[in-house]
Amino acid sequence: MGGPVDCKRCPSHVRGKLLTGKEANMALLTGFLLAATLGVFHHFAILFIRLFTPHLGEQKHRGILTAFLGLLLVHTIEIIAYAAAYKIMIDAAWWGSLTGDFDGSFYDLIYFSGINFATLGYAQVSTDGAIRMVAMMQALGGFMVITWSATFIYTIWQDVMDHHWRLTQEDE
């Protein structure tokens, strides 16, 4: 697992070559569609989490923890879904390859996807070929949904604090 691994399934005409305009456009469109799907899934996941987030009152901490754990699960699903998409792309060979500290396992794809999703792609795994455009769009989508999730948790926290302060004011 230590050294660079070249994708043996990737045809030599794909490895290390520049993309044509048509290939780059197709890769960018694919990345855009995957990121859009990510956004739609995330939207409905947040609505679902909100249904199970307890109303305020005696359960103020449970609401925040429900949202946090729900979002943790949602982000994990999103990362694994992108790993599956990368697996399909790598197996199709046209998309290019992943090189570096990558042995081709699904766990490595999950690692690559997670690092790309959460840290904008700073990892020991490098992309080669059209898959680079998809990875770029995953980084953008990941940044957007992580920010969205933080805003969602903040909103729940704000509701809890407003409720707490209202109760404190009523007791005085």
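Here, every reference points to the structure presented above.
## Brief notes about helix H3 (residues 106-119)
Item 1. With 14 residues, H3 extends 20 Å between its outermost C-alpha atoms, agreeing within 8% with the 20 Å of an ideal straight helix rising 1.5 Å per residue.
Item 2. Among the residues of H3, Asp108, Leu109, Phe112, Ser113, Gly114, Ile115, Asn116 and Phe117 are the ones counted as buried.
Item 3. Of the residues one or two after H3, Leu120 is the one with positive phi, at around 60°.

## So, the packing of aromatic side chains
Item 1. In total, this model carries 4 aromatic pairs according to the counting rule given.
Item 2. Between Tyr86 and Phe112, the ring centres sit 5.2 Å apart and the planes meet at 65°, which makes this aromatic pair edge-to-face. Residue Tyr86 is located in helix H2 (residues 60-92), and its partner Phe112 is located in helix H3; the two are separated by 26 residues in the primary sequence. An identical accessibility class is assigned to Tyr86 and Phe112; each is buried.
Item 3. Site record: aromatic cluster; members linked through ring pairs are Tyr82, Tyr86 and Phe112.

Calculation notes
Residues numbered from 1 in each chain as written. Predicted model: local features only at pLDDT ≥ 70, side-chain atom pairs only at ≥ 80, totals over all residues. Heavy atoms only, no water. Helix = DSSP H or I, 4+ residues; strand = E, 2+ residues; numbered from the N terminus. Expected span 1.5 Å × (residues − 1). Buried < 20%, exposed > 50% of the residue type's maximum accessible area, 1.4 Å probe, protein only. Phe/Tyr/Trp six-rings, centres within 6.5 Å; stacked < 30°, edge-to-face > 60°.

Bear in mind that shape data such as this cannot, by itself, settle questions of function.
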